[in-house]
Amino acid sequence: MHPSASATPVEDHHFRLDHLTAFLRESKWIQADWDVYSNEHSDLDGVPHDEHDYGLRQSRRDADTWRAFEQVRYSGETLLATAEHQLQQLPAHKIQNRWVWELGTLHTALQQLRTLQSEWVEFRDYLPASACPGTEQYDGPLAERNADAWTYLDDWATHGQSVIDIHAAARQAPSPLTTAAPVQVPAPAARTGTVRR
């Protein structure tokens, strides 16, 4: 489902924020389920009891997270551009120091996800007709794409709330929400923080 042609820029942005909110909620459920499984099926050092089953379950987590992110992936650049524009309009005392870094992290993650998707589509187009979903020729590389993507999806699950928080701050500012053409969001200088296992 996409915004209607008659929707205003503000309505479009709210629609995209709804997609992001849904992803944040769903990704938390997926991660919570994974944490329960991981704790129950590995020893105190984190070594799986059954590596094969553990790998299959991890692949499912990766695939579920990718699917949950699909709508955000299409509108992510616009979400980030609007958040950056809002951030530039906010008075300094309303800005959280972490927001610029978080937007940069989200931008980098989105670019990596787009690259992974492009590589997958290119690879898929060269598969033989017999390599369809449900075959190892298809499912194996797709699982690899999802595994490579998970860290970047996790960046969005971890830092995506900043886009919503910036929007909330903009709504409370004296000037109304405005949107702008895509703005380059600075990439983080170095990757920091804890990655969820």
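Residues numbered from 1 in each chain as written. Predicted model: local features only at pLDDT ≥ 70, side-chain atom pairs only at ≥ 80, totals over all residues. Heavy atoms only, no water.

Trainee: Teacher, can you tell me more about the environment of Val47 here?
Mentor: As for its placement among the helices and strands, Val47 is situated in the loop between helix 1 (9–40) and helix 2 (51–89). With residues near it in sequence (within four places) discarded, Val47 still touches His41 and Ser42. (Helix = DSSP H or I, 4+ residues; strand = E, 2+ residues; numbered from the N terminus. Contact = heavy atoms within 4.5 Å.)

Trainee: Can you walk me through the packing of helix 3 (residues 98–125) against helix 5 (residues 161–172) in this structure?
Mentor: Packed helices, taken two at a time, are described by the angle between their axes plus the distance between the axes. At a closest axis distance of 10 Å, the pairing of helix 3 and helix 5 adopts a crossing angle of 135 degrees. Between helix 3 and helix 5, the angle falls in the class oblique. Of the two elements, helix 3 crosses helix 5, and the hand of that crossing is left-handed. Residues Arg98, Trp99, Glu102, Leu103 and Leu106 of helix 3 form the contact with helix 5, whose participating residues are Ser162, Val163, Asp165, Ile166 and Ala169. Its residues assigned to classes, the contact of helix 3 with helix 5 shows six nonpolar, one polar and three charged. (Axes fitted to C-alpha atoms, helices over the stretch in contact; angles between N-to-C directions. Parallel < 35°, antiparallel > 145°, perpendicular 65-115°, else oblique. Left-handed = near helix turned anticlockwise from the far one by under 90°. Nonpolar A, V, L, I, M, F, W, Y, C, P; charged D, E, K, R; others polar.)

Trainee: Looking at this structure, I do not really get the packing of helix 2 against helix 3. What am I missing?
Mentor: Across the interface, helix 2 lies against helix 3 with an axial gap of 10 Å and an inter-helix angle of 140 degrees. The angle between the axes of helix 2 and helix 3 places the two elements in the oblique class. The handedness of the crossing between helix 2 and helix 3 is left-handed. Between helix 2 and helix 3, the contacting residues are Trp66, Phe69, Arg73, Gly76, Glu77, Leu80, Ala83, Glu84 and Leu87 on the first element and Trp99, Val100, Leu103, Leu106, His107, Leu110, Gln111, Leu113, Arg114 and Gln117 on the second. Class assignment for the residues of the contact of helix 2 with helix 3 results in 11 nonpolar, four polar and four charged.

Trainee: Looking at this model, I keep getting lost on the nonpolar core. Mind explaining?
Mentor: Soluble globular proteins tend to bury their nonpolar side chains together. Ranked by size, the top nonpolar core spans 30 residues in total, and within it Leu20, Phe23, Phe69, Leu103, Trp156 and Val163 carry the most contacts. Elements that contribute at least two residues to this core include exactly helix 1, helix 2, helix 3, helix 4 (136–159) and helix 5. Of all hydrophobic cores here, the second largest spans five residues; its members include Trp120, Leu127, Tyr138 and Leu142. (Core = buried A, V, L, I, M, F, W, Y, C linked by side-chain atoms within 4.5 Å. Buried < 20%, exposed > 50% of the residue type's maximum accessible area, 1.4 Å probe, protein only.)

Trainee: Whenever I open this one, the packing of aromatic side chains confuses me. Can you help?
Mentor: Geometry of an aromatic ring pair is reported as the spacing of the ring centres plus the angle between the planes. Tallied over the full model, the rule gives seven aromatic pairs. For the pair Phe23 and Phe69, a centre-to-centre distance of 5.0 Å together with 70 degrees between the ring planes defines the contact as edge-to-face. Highlighted residues: Phe23 in helix 1 and Phe69 in helix 2, separated in sequence by 46 residues. You'll find Phe23 and Phe69 in the same group, each marked buried. Among the aromatic residues, those joined into a cluster by ring pairs are Phe23, Phe69 and Trp156. The positively charged end of Arg61 is found above the aromatic ring belonging to Trp34, 4.9 Å away from the centroid. Over the aromatic face of Trp150 sits the side chain of Arg61, whose NZ or CZ is 3.8 Å from the ring centroid. (Phe/Tyr/Trp six-rings, centres within 6.5 Å; stacked < 30°, edge-to-face > 60°. Lys NZ or Arg CZ within 6 Å of the ring centre and 35° of its normal.)

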